[in-house]
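# Inside the fold
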Amino acid sequence: MNNKTREPLFHIAKRAALPWYRTWAIRGGALVLALIVCALITTLVTGENPLQVYVAIFKGSFGTSRKVWVLLQNVAMLLCVSLAVTPAFRMRCWNLGGEGQALIGGLAAAACMILLPGKLPNWAVIVCMTVSSILAGAVWAGIPALFKARWNTNETLFTLMMNYVATQLVAYYCVVWESPKGSGNIGIINPNTQIGWFPQIGSYKYLLNILIVAAVCVAMYIYLNFSKHGYEIAVVGESERTARYVGIKVDRVIIRTMLLSGAVCGLAGLLLVGSTNHTLTPTIVDGRGFTAVMVSWLAKFNPVWMILTSFLLVFLSRGAGEIATRFSLNQSFGDILTGVILFFIIGSEFFINYRIIFRRPAGKED
Amino acid sequence: MDNKTPAVTMRNITKRFDGKVVANDKVWLNIYRGEILALLGENGSGKTTLMNMLSGIYFPDEGEIAIDGKEVVIRSPKDAFALGIGMIHQHFKLVDVLTAAENIVLGLPGKLDLKAASEKIRAICSAYGFEVDPNQKIYNMSVSQKQTVEIVKVLYRGADILILDEPTAVLTPQETDKLFAVLRNMRNDGKAIVIITHKMHEVEALSDRVAVLRHGQFIGDMPTKTTNAQEMTNMMVGHPVVLNIDRPEPKNPKPRIEVKGLTVRDIEGTLKLDDVSFTANSGEILGVAGISGCGQKELLEAIAGLQPVEKGSICYIEDDGTREELIGKDPLSIQNMGVSLSFVPEDRLGMGLVGNMDLSDNMMLRSFRRGHSLFTDRKTPHQLAETVVRDLEVNTPGVSTPVRRLSGGNVQKVLVGREIASAPRVLLTAYAVRGLDINSSYTIYDLINRQKSEGVAVIYVGEDLDVLLELADRILVLCGGKVSGIVPGRGAKKRDVGLMMTKLGGGQTNE
């Protein structure tokens, strides 16, 4: 029989679960391939030596101790927002409003810093900032959650829209509280009294943020994997009908989880305003609410893996910035490389779940 | 018969899934024109996989297929159609808002001429005895009518080799008879027909030849006339089985659940249950018969507290005569009231269990709230999972395997095992043996009977009338959401129950 011309060239079959070392081998292979493709693109398009480009990317994150601290701070903030959206994601509730929830948390913190000094001592201002920003974030996520639970509205669109509301609100208050007058910016808040500024640990400006986020990470891991709430979230996410069947109040779990999600986003906003920047701008969250979606997905919603994925994304974006300045290429070239690498990493998941069976060469039967 | 050229020859067909699960292992099969072939085998024996390769859904890893003696390659359902092969799947693939005729011509090349199509459809119908109105919308049709549309669709496209995957699973006995008559007409017209089934009496009533698969292997084929149910079952299972279901006399039955005037509407406002009243006794199995979608699901879910009720009452009666109203309570408050009620729902992985969670975590579904700790107790469910695996002989690599990886029978054992572990006073089961092989089915019957002998009130919704007639002490027949009658299980006639399913009171004077 002439098999050659008749059988389809290949077909795709689902794989059984692979052992962990093979899945990581596939992911590692994807990364190597991505670097090779990036090298080719670099040489072809810019004529630069790809190895030098890679060295530059690495130096962008690890070149100086200041760069390392900035890297860690950025990883911590991205991780914080990612940890925030993860409980909702585990519940299959797509909270794309991390950006707005963090921003509104930052707005609440800034409001306390601007309005309260003179009325309250410094420590009380910090307590007010903490409480109000966490509450603000929770409310910002709670509104879409309430609508979803009550009227089954689409949380993806609703949370997304809430981002724009938050951005516009912050833009408005940036003008209300502008300093100096006419600049349209808030500028550094309380530069002299430093009221509402979070304490600095030793000489390390970013250490406090990093420690707080590390603690949140551990707590979130325990909450999601070992608590009764975490179990309820998992059941609701897998099947609402099963949840109802065992008497879980689905509406309540949705609202509770979204409140938590928003609260942690609010915390991220608080850290950005109170600890890192001491100011508020409409772009202070810097798209982390959206990058967090990718961090969470890449890590399969596991808080511990998310440390790795958020590191990867920050590392790549800082590297992209570095080569843009070093080789006087524009920022877009760095983004192209980042895109290629992410494409390969996400694409490797396909090869972990499926395999491609090629047509057997004619005459070779087993 | 053997000197004819077979319409289809499948030679040495092998199909593997996941690289290692062998669904079909070097299967040989001949299909002849003018003959009805019953492809018999338990669930997971590879019947559907084999036929899917014939209809272009899967591609065999090894082996050849020949049509009328000529070797062919079937890469897609389109190729299969070009060769005159049509398959009617268990789940219909029709567009609800279109008419029968529109569904039938959907996707065909050429100009859209519904009038001509309707003519052709009418011609096909009168040739074989179908009853289809080409202009009726699908959403207005009964399950049996939809199935007819699927068959006509295949014939319209010129198929003369027809494969039907468990066609009777959704039909009443009367509709089954009608379908069989039509299939016989098609056979006499020279078409080759394959029906996939695991029901013995259908094989005997309809087929000319029977081919048996077991664990993906071809066991043998023979003319139906020369064999019998016992022999076929033994071939299917691989060892002799006793085909009787135990039915001990109920011990000291007392009313346990009393339903009065229960009326339920679904979200769209359609009446699903209409003034349903009955009593379920302890130590007794109350069978519920009916065409699928006649309110069985709503009935069980209303008792379990999952279905909003328009009016009526559901009373739980304790041994000492205390009565508790269950309507208006959700499953959690029913549990908190101390009413021990277990429910094995129809949709095992979509409702009873979480497919992606492992056995222990699924055991935890019922018990995770226990204790005041913020954290879940994982030890007790783990032990329960191990007990269930051991006692019910669940075939699984371990208790940390996700349940979706288990076969249907094992999934059901896990679910039933968990539900009876809480020592219930009421056990609700919906299609408890659907999709299960013979051995697993009998394990489930045994478990249910054991619950009955422990004084549990069992409500058993079933689809196989033969089983209901052998297992249930009383049978409640539902018809369009109303109680068509309640008959004692002992001595009930299949024909009478079948009539009651289609017509209130079975067409006799109402009680």
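Residues numbered from 1 in each chain as written. Chains lettered and ligands numbered in written order. Predicted model: local features only at pLDDT ≥ 70, side-chain atom pairs only at ≥ 80, totals over all residues. Heavy atoms only, no water.

Let us look at the overall build of chain B. Secondary structure summary: chain B contains 17 helices and 20 strands in total. Rg of the C-alpha trace for chain B: 24 Å, near the compact-globule value of 24 Å for 511 residues, within the 12% margin. For chain B, buried positions account for 53% of its 511 residues. Taking contacts inside chain B between residues at least 6 apart in sequence as the whole, the part at least 24 apart equals 66%. When the accessible surface of chain B is totalled, it reaches about 22,000 Å², and 50% of it is carbon and sulfur. Seen as two clouds, the 61 positive and the 65 negative side-chain charges of chain B have centres 2 Å apart. (Helix = DSSP H or I, 4+ residues; strand = E, 2+ residues; numbered from the N terminus. Rg over C-alpha atoms; globule rule 2.2 N^0.38 Å. Buried < 20%, exposed > 50% of the residue type's maximum accessible area, 1.4 Å probe, protein only. Contact = heavy atoms within 4.5 Å. Areas by Shrake-Rupley, 256 points an atom, 1.4 Å probe, with all protein chains shown as cover. Lys, Arg positive; Asp, Glu negative; His and termini not counted. Charge placed at Lys NZ, Arg CZ, Asp CG, Glu CD.)

The next subject is the domain arrangement of chain A. In terms of domain boundaries, chain A breaks down into domain 1 (1–48 + 327–366) and domain 2 (79–289). For domain 1 of chain A and domain 2 of chain A, the distance between their C-alpha centroids amounts to 38 Å. (Domains from an automatic or database assignment.)

A few words on the environment of Leu 271 of chain B. Residues and elements named next belong to chain B. In this fold, Leu 271 is placed in strand β12 (residues 271–281). Note: C-alpha distance between Leu 271 and Asp 319 (48 residues apart in sequence) is 33 Å. Here Leu 271 is in contact with Thr 263, Val 264 and Arg 265, once residues within four sequence places are set aside.

This part covers the sheet that holds strand β6 (residues 85–88) of chain B. Adjacent strands of a sheet pair through backbone hydrogen bonds, lying either parallel or antiparallel. Residues and elements named next belong to chain B. Strand order in this open sheet of 6 strands is β6-β7-β8-β3-β9-β10, and the pairing throughout is mixed. Single-partner strands in this sheet number two, and they are β6 and β10 (217–223). Neighbour-to-neighbour, the strand axes of the sheet open up by a mean angle of 20°, direction not taken into account. Looking at chain direction, strand β9 (residues 209–214) and β10 are connected through 6 bridges and run antiparallel. (Pairing = 2+ DSSP bridges. Axes fitted to C-alpha atoms, helices over the stretch in contact; angles between N-to-C directions.)

With that out of the way, let us pick up the layout of surface pockets. In this approach, a probe sized like a water molecule rolls over the atoms, and the result shows the empty space that is left. As a volume, the second largest pocket reaches approximately 850 Å³. Taken together, 26 residues line the second largest pocket, and the ones lying closest to its centre are Arg 244 of chain A together with Glu 301, Leu 306, Gln 307 and Pro 308 of chain B. The dominant element in the lining of the second largest pocket, judged by the number of residues it contributes, is helix α9 (residues 296–303) of chain B, at 4 residues. Among the residues forming the lining of the second largest pocket, the class breakdown is 11 nonpolar, 4 polar and 11 charged. (1 Å grid on protein atoms, 1.4 Å probe; cavity = no way out; pocket = protein on both sides within 12 Å on 5 of 7 lines; lining within 4 Å. Points joined across faces, edges and corners; volume = space filled by probe spheres on them. Nonpolar A, V, L, I, M, F, W, Y, C, P; charged D, E, K, R; others polar.)

Turning our eyes to something else, we now look at the pattern of salt bridges. Residue and element names in this part refer to chain B. Scanning all chains against the criterion turns up 40 salt bridges over all chains. Linking Glu 258 and Lys 260 is a salt bridge whose minimum nitrogen-to-oxygen distance equals 3.3 Å. Glu 258 gets classed as buried once you look at its relative accessible area, which sits at 16%. Its salt-bridge partner being Glu 310, residue Arg 265 comes within 2.7 Å of it at the nearest N-O pair. Residue Arg 265 is found in strand β11 (residues 255–265), and its partner Glu 310 is found in the loop between α9 and β14 (311–317); the two are separated by 45 residues along the sequence. Residue class for Arg 265 comes out partly exposed when judged on its relative accessible area of 36%. (Salt bridge = Lys/Arg side-chain N within 4 Å of Asp/Glu carboxyl O.)

Here we take up the interface of chain B and chain A. On the chain A side, the residues contacting the 45 residues of chain B number 32 residues. Summed over both partners, the interface of chain B with chain A comes to about 3,200 Å²; 54% of that surface belongs to carbon and sulfur atoms. Inspection of the chain B/chain A interface yields 2 salt bridges. Among the salt bridges present, the one from Arg 241 of chain A reaches Asp 347 of chain B, with a minimum N-O distance of 2.8 Å. Scanning the region where chain B abuts chain A turns up 22 residue pairs in polar contact (both at pLDDT 80 or more). Sorting the residues of the side of chain B that touches chain A by element identifies β4 (62–67), α9, α10 (331–336), α11 (348–352), α12 (359–367) and α14 (408–421) of chain B as the ones contributing at least two each. Class assignment for the residues of the side of chain B that touches chain A results in 18 nonpolar, 8 polar and 19 charged. (Buried area = accessible area lost by both parts, 1.4 Å probe. Polar contact = N/O pair within 3.5 Å; in protein donor to acceptor, adjacent residues only side chain to side chain.)

We now examine the packing of aromatic side chains. Taken as a whole, this structure holds 25 aromatic pairs over all chains when the rule is applied. With centroids separated by 5.1 Å and ring planes inclined at 55°, the aromatic side chains of Phe 147 of chain A and Phe 158 of chain A adopt a geometry described as tilted. Here Phe 147 of chain A is found in helix α5 (residues 122–151), whereas its partner Phe 158 of chain A is found in helix α6 (residues 155–176), with 11 residues between them in sequence. Between Trp 297 of chain A and Phe 301 of chain A, the aromatic rings sit 5.1 Å apart at their centres with planes inclined by 65°, giving edge-to-face as the arrangement. We classify Trp 297 of chain A as partly exposed; its relative accessible area is 46%. Aromatic ring contacts, followed pair by pair, group Phe 58, Phe 62, Phe 311 and Phe 315 of chain A into a single cluster. If you follow Arg 157 of chain B out to its NZ or CZ, it ends over the ring of Phe 81 of chain B, 5.7 Å from the centre. Over the aromatic face of Tyr 245 of chain A sits the side chain of Arg 366 of chain B, whose NZ or CZ is 4.5 Å from the ring centroid. (Phe/Tyr/Trp six-rings, centres within 6.5 Å; stacked < 30°, edge-to-face > 60°. Lys NZ or Arg CZ within 6 Å of the ring centre and 35° of its normal.)

This part takes up the side chain of Asp 61 of chain B. Secondary-structure assignment places Asp 61 of chain B in the loop between α1 (47–54) and β4. For Asp 61 of chain B, the side chain forms a polar contact with the main-chain nitrogen of Arg 16 of chain B, separated by 2.7 Å.

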